[in-house]
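# Fold and geometry: a report
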Amino acid sequence: MSPRTATLLLVGRRLAIVLAFVMVLLRPGFGTAQVPTQLADVDLLVVVDRTRSMAALDHGGSRPRVEGVRADLEALASEVPGARFGIVIFGAESRLTLPFTTDASAYLSAVETLDLERPREGNGSSSTRPAAEVAEVLERAAERRPDRRRVVVYVGDGEDTTSPDPGETFAPVADLVVGGAVLGYGTTDGARMPASDDLDLDGGYVEDPESGGPAVSRADLDNLRAIADELEVGFWHRTSTAGIDEVVDSFGASYVEGERGDGPPAAHDLTWVFGLLLLGLVLIELRSGWRAMWRSQDALKEVP
């Protein structure tokens, strides 16, 4: 064999090794395997307090209440797979910010970007202000998807700085849901609230207009328990990220078999074919390398 031919074979073999290795990484195949998954049969409506009091620094010690909210709501996405999530926020007003969707990324993005009212932006907070909006959203969901089970999760600190309207009650909502939870944040001792949008302490604290000193927000756990009673669901005082699975268990959600297509793994995986090809080419390369080394050693022995 001429040196030119040997060189071409060597280059070709090494290119083939690289290509075979790339194919193994790509895991080629054809057909789509249907992978059964467990999907929750619920529409889960999250009702979130975005008043400035949710910035108070008494969650889990000295963290903003809203941080605990975000952590718990993110955990819900993984604890209730396949659920349709919706979000209603309330402060000076109530509004639906995320219609029911199975897009977990859209839900998580809405949770991550949840913002609080600025100091003096609201007109007094009322823990029952979103009741009518929540009932309306759930009624529409029942009309569109009567086969789905509806669950409500109320998230807030229960603090009222204004008298609620007489008609603000969650009692009618209880007939529209099969379960849910009220999650409470903050302490009755209360804490100061950072004034800046990003909750940076360098921006100072929200000022009490009467005293001129830092305002203190105190959670009203009795208000939250009353809301839980109206909804006929359980109440949890949240002080850490642990135990969210117990909250989800209380929903009584059932799960149905779902299927996920359009993606890996393939029904007929060909990775093993290219793996065998790669192994053969590597063995040939090793054999060639050993032979070259032996020839060089024999040539050195013949040198006088």
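Residues numbered from 1 in each chain as written. Predicted model: local features only at pLDDT ≥ 70, side-chain atom pairs only at ≥ 80, totals over all residues. Heavy atoms only, no water.

### A closer look at the overall build of the protein
The following threshold applies: Numbering of helices and strands runs from the N terminus, with a helix taken as a DSSP run of H or I at least four residues long and a strand as a DSSP run of E at least two residues long. Residue exposure (1.4 Å probe, protein chains only): buried if accessible area is under 20% of the type maximum, exposed if over 50%, otherwise partly exposed.
A count of helices and strands for the protein gives 7 helices and 12 strands. A burial count over the protein gives 38% of its 304 residues as buried.

### Description of the packing of helix α2 (residues 65-79) against helix α3 (residues 104-112)
Axes are the key here: two packed helices are described by the angle between their axes and the distance separating the axes. As a reminder, the rule being used: All axes are obtained by fitting lines to C-alpha atoms, using only the stretch in contact for helices, and the reported angles, taken between N-to-C directions, cover 0 to 180 degrees. Every angle not falling under 35 degrees, over 145, or within 65 to 115 is termed oblique; those three ranges are roughly parallel, roughly antiparallel and roughly perpendicular. Residue contacts are counted whenever heavy atoms from the two residues lie within 4.5 Å of one another. In this classification, the charged set is Asp, Glu, Lys and Arg, the nonpolar set is Ala, Val, Leu, Ile, Met, Phe, Trp, Tyr, Cys and Pro, and all remaining amino acids, among them Gly, are polar.
Here α2 crosses α3 at 175°, and the two axes come no closer than 10 Å. Our classification of the angle between α2 and α3 gives roughly antiparallel. Counted together, R70, L73, E74, L76 and A77 of α2 and Y107, L108, V111 and E112 of α3 form the full contact between these two elements. Tallied by class, the residues present in the contact of α2 with α3 amount to 6 nonpolar, no polar and 3 charged.

### As for the environment of A104
Relative to the elements of secondary structure, A104 occurs in helix α3. Taking relative accessible area as the criterion, A104 reaches 38% and is therefore assigned partly exposed.

### A look at the environment of Y154
As a reminder of what qualifies: Polar contacts here mean pairs of N or O atoms no more than 3.5 Å apart (in protein, one a potential hydrogen donor and the other a potential acceptor; neighbouring residues in sequence count only if both atoms are side-chain atoms).
Structurally, the position occupied by Y154 is in strand β6 (residues 149-156). On the accessibility criterion, Y154 (0% relative accessible area) is buried. On a C-alpha basis, the gap between Y154 and P130 in space is 9.9 Å, while along the polypeptide they are 24 residues apart. Within the structure, Y154 has its side chain in polar contact with the backbone oxygen of S127 (distance 2.6 Å).

### Overview of the layout of surface pockets
Counted only if it meets this: We place a 1 Å grid over just the protein atoms. Points where a 1.4 Å probe fits but has no way out form a cavity, open points with protein on both sides within 12 Å along at least 5 of 7 lines form a pocket, and any residue with an atom within 4 Å of a point lines it. Grid points are joined across faces, edges and corners, and a volume is the space filled by probe spheres set on the points.
The space that makes up the largest pocket amounts to roughly 510 Å³. What lines the largest pocket is a set of 26 residues, among which R52, R120, T161, M193 and V206 lie closest to the centre. The residue makeup of the lining of the largest pocket, split by class, is 7 nonpolar, 9 polar and 10 charged.

### Some remarks on the pattern of salt bridges
Should the charged atoms of two oppositely charged side chains come close, the side chains can pair. Short version of the rule: The term salt bridge refers to a side-chain nitrogen of Lys or Arg lying within 4 Å of a carboxyl oxygen of Asp or Glu.
In this structure the tally under the stated criterion is 14 salt bridges. Among the salt bridges present, the one from R63 reaches E67, with a minimum N-O distance of 3.1 Å. Take R63: its relative accessible area is 32%, and that puts it in the partly exposed class. One continuous salt-bridge network, built from bridges that share partners, spans D43, R84 and R148.

### Concerning the packing of aromatic side chains
For the record, the criterion: We call Phe, Tyr and Trp rings a pair once their centres come within 6.5 Å, taking the six-membered ring for Trp, and we label the pair stacked below 30 degrees between planes, edge-to-face above 60, and tilted otherwise. Both a distance and an angle decide whether a charge sits over a ring: NZ of Lys or CZ of Arg must be within 6 Å of the ring centre and within 35 degrees of the ring normal.
Evaluation of the coordinates by the stated rule reveals 3 aromatic pairs. Summarising the aromatic geometry, the rings of F85 and Y107 are spaced 4.2 Å apart at their centres and angled 25° between planes, so their arrangement reads as stacked. Separated by 22 residues along the polypeptide, F85 in strand β4 (residues 84-90) and Y107 in helix α3 bring together distant segments of the chain. Each member of the pair, F85 as well as Y107, is classed as buried. A connected cluster of aromatic rings, assembled from ring pairs, spans F90, Y154 and F170. The aromatic ring of Y205 is capped on one face by R192, whose charged end is 4.1 Å from the ring centroid.

### Some remarks on the environment of D222
Assignment of secondary structure puts D222 in helix α5 (residues 221-231). As a C-alpha pair, D222 and T188 span 34 residues in sequence and 10.0 Å in three-dimensional space.

### Comments concerning unusual backbone geometry
Non-glycine residue L199 carries a positive phi angle of around 60°. The phi angle at E232 is positive, at roughly 60°, despite the residue not being glycine. Topologically, E232 is positioned in the loop between α5 and β10 (234-237).

### What to know about α5
Where we set the bar: By construction, the arc corresponds to the directions joining the helix axis to the C-beta atoms.
Every buried residue belonging to α5 is among L221, L224, I227, A228 and L231, and all of these are buried. Buried residues of α5 fall within an arc of 115° about the axis and therefore sit on the same side. Within α5, the exposed residues directed more than 90 degrees away from the buried face are D222 and D229. As for α5, its buried residues are in contact with β6, β7 (179-184) and β10. Where α5 starts, the residue carrying a side-chain oxygen 3.2 Å from the main-chain nitrogen of D222 turns out to be D220. One or two steps after α5, the chain reaches E232, where phi turns positive at roughly 60°.

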